[in-house]
Amino acid sequence: MNLLEKLKMPKKEPQSPPPEPPLVWTEISGSHSRRFLFEPDGQLSVKVLDDSRPVIHRVVDSFLNKFFPSGYPYSVSEGYLRYTQFRALQHFTSATLSVLSTQSLLFAAGLRPTPAQATAVSWILKDGMQHVGKLICSNLGARMDSEPKSWRILADVLYDLGTGLEVLSPLCPHLFLEMAGLGNFAKGMAVVAARATRLPIYSSFAKEGNLSDLFAKGEAISTLFNVVGLGAGIQLASTICSSVQGKLVVGPLLSIIHVYSVVEEMRAAPVNTLNPQRTAMLVADFLKTGKISSPADLRYREDLLFTGRLIEDAGNVKVGRALHKAVKPSKLRELKQIFPEEKFILSHGTKWVDMILEHDATAEDALRGWLVAAYAVHMEKSFHEPSGSFLQEAYDKMNDVFSPFLSGLQARGWHTDRFLDGTGSRFAW
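Cut-offs used in this document
- Residues numbered from 1 in each chain as written.
- Predicted model: local features only at pLDDT ≥ 70, side-chain atom pairs only at ≥ 80, totals over all residues.
- Heavy atoms only, no water.
- Helix = DSSP H or I, 4+ residues; strand = E, 2+ residues; numbered from the N terminus.
- Buried < 20%, exposed > 50% of the residue type's maximum accessible area, 1.4 Å probe, protein only.
- Contact = heavy atoms within 4.5 Å.
- Areas by Shrake-Rupley, 256 points an atom, 1.4 Å probe, with all protein chains shown as cover.
- Salt bridge = Lys/Arg side-chain N within 4 Å of Asp/Glu carboxyl O.
- Patch = residues over 30% accessible without salt bridge, like charges linked within 9 Å, V, L, I, M, F, W, Y side chains within 5 Å.
- Pairing = 2+ DSSP bridges.
- pLDDT = per-residue confidence, 0-100.
- Phe/Tyr/Trp six-rings, centres within 6.5 Å; stacked < 30°, edge-to-face > 60°.
- Core = buried A, V, L, I, M, F, W, Y, C linked by side-chain atoms within 4.5 Å.

(A) Spatial organisation of the overall build of the protein chain. In terms of helices and strands, the protein chain carries 15 helices and nine strands. Split into buried and exposed, the 429 residues of the protein chain put 34% on the buried side. Across the protein chain, contacts joining residues at least 24 apart in sequence account for 66% of those joining residues at least 6 apart. Accessible surface for the protein chain amounts to roughly 25900 Å². Of this, 61% is attributable to carbon and sulfur atoms.

Right, here's the structure in full:
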């Protein structure tokens, strides 16, 4: 081909680079999942996973999420389904018998059939509100694992609130069903929260695998002083508290002592599982002193009211925020590529550092991310430069200290196999 022919040939247009594939990630929060699609043109779309399934499948899935543990059936041992089936049958028959017994007791008290039946229905509806409270509170089990102390205190506050409404019911007898129902609703939530947090608290004291013995002895003490308390209540009811006015004086005093006792009880418990607050305190102590605190060292320093408070010495790290709120979609790929082998993402904001964990991240992953964030923030304060520029240096420093740090935590009695973030948002690619 001569030069003239080459010049006559049509010129090839330069090929444009292939379009960048859209970025897709899944946000997992508790039992709910959402898939996010970030297009290269900057458009963000959201869709619910499995939304196209038949209605019956979605109903079954919703039922499992509400009444079975997270991750069922893989998160429980064999036999759990059969145990649950017969437990449900046991409670069904027990509740049916209680309705019959309540009606019989009201008849025995001298109420005639027609009014007694109405009274029995009202009484049973009042008790039914307690079960509604239990159902609502049962959805918060993961949060109770993360903060058992705070939920245990809340349980007693709710119980006292419910009891207070019952004490006040004689002042407005025409609202008996409403006040008694609300009181039982609060007490139902209290019962679930108290029972759900009992095991983590007892577990914190079991040094030799003696959990059953601790539980049995704790129940024995509770039973003994419940009986003594019933005796004191009968004595007060027949003397000082024989009138509503007396109850209004003694009731609040007993409630204050009750709540104070449970607060001191919870402060004494050395819970040894890692949650956001305890992890932040451990990292702050380690960075300041180089020492690792034990569960007993931290028990009186835990904030039982504002559990989500930020700790400046630990890098002001916040865990569990929704991924699409904590990270701009346009920066997600960039942040993930900073530490591609890790199961966390760090996003530095103006007031705090968001840490988002992958769905299968363990406590070790959370500790690694927390140390990186804390080191980076400390370097930022020292050199007055954006903390993002120190991430690689902070990551290298974390790798140097992580093995002894983790060994020290385990030696001090901390459980480092799981991180309880209270159903915080996680993500999957």
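(B) View of the pattern of salt bridges. With the rule as written, the count across this model stands at 14 salt bridges. For the salt bridge of arginine 278 with glutamate 302, the shortest nitrogen-to-oxygen distance reads 2.8 Å. Residue arginine 278 is found in helix H10 (residues 276–289), and its partner glutamate 302 is found in the loop between helix H11 (295–298) and strand E5 (317–319); the two are separated by 24 residues along the sequence. Each member of the pair, arginine 278 as well as glutamate 302, carries the same accessibility label: buried. The salt bridge involving aspartate 360 is made with lysine 343; its shortest N-O contact spans 3.3 Å. With aspartate 360 in the loop between strand E7 (353–358) and helix H14 (363–383) and lysine 343 in the loop between helix H13 (329–338) and strand E6 (344–348), this pair connects stretches of sequence that are 17 residues apart. Taking the relative accessible area as the measure of exposure, lysine 343 reaches 28% and is therefore partly exposed. Linked through salt bridges whose partners overlap, the residues forming this network are Lys149, Arg278 and Glu302.

(C) Spotlight on a nonpolar patch on the surface. Among the surface-exposed residues, Ile221, Leu224, Phe225 and Val228 lie close enough to one another that they form a single nonpolar patch of about 420 Å² accessible area. The topology assignment puts leucine 224 in helix H8 (residues 211–237).

(D) Just the pairing of E7, in detail. Burial analysis of E7 places six of its six residues in the buried class, the great majority of the element. Bridge analysis of E5 against E7 gives three bridges, and the strand direction is parallel. When the sheet's bridge partners are listed, lysine 318 is paired in E7 with aspartate 354. The pairing of E6 with E7 spans five bridges and is classified as antiparallel. Counted as the bridge partner of histidine 348 is valine 353 from E7.

(E) Looking closely at the confidence of the model for the protein chain. Of the residues in the protein chain, 69% reach a pLDDT of 70 or more, and the chain-wide mean stands at 76. pLDDT under 50 marks residues 41–51. Its contacts with residues more than four places away, or in other chains, come to 21 contacts.

(F) Focus on unusual backbone geometry. Unlike most non-glycine residues, asparagine 316 shows phi in positive territory, near 50°. Topologically, asparagine 316 is positioned in the loop between H11 and E5.

(G) Spotlight on the packing of aromatic side chains. All told, the structure shown has three aromatic pairs when counted by the stated rule. Here the aromatic rings of phenylalanine 286 and phenylalanine 405 are separated by 4.6 Å at their centres, their planes lie at 45°, and the arrangement is tilted. Of this pair, phenylalanine 286 sits in helix H10 while phenylalanine 405 is found in helix H15 (residues 391–411), placing the two residues 119 residues apart along the sequence. Since its relative accessible area comes to 14%, phenylalanine 286 is described here as buried. Judged by its relative accessible area of 0%, phenylalanine 405 is buried. Here the aromatic rings of phenylalanine 339 and tyrosine 395 are separated by 4.5 Å at their centres, their planes lie at 20°, and the arrangement is stacked. Residue phenylalanine 339 is located in the loop between H13 and E6, and its partner tyrosine 395 is located in helix H15; the two are separated by 56 residues in the primary sequence.

(H) Examining the nonpolar core more closely. Formed by 44 residues in total, the largest nonpolar core has its most connected members in Met355, Trp370, Val372 and Phe405. Elements represented by at least two residues in this core include exactly H10, E5, E6, E7, H14 and H15. A per-element tally of this core places H14 first, with 12 residues. Apart from the residues lying within four places of it in its own chain, the contact partners of tryptophan 370 are Pro276, Thr279, Ala280, Val283, Ala314, Val317, Val319, Met355 and Phe419.

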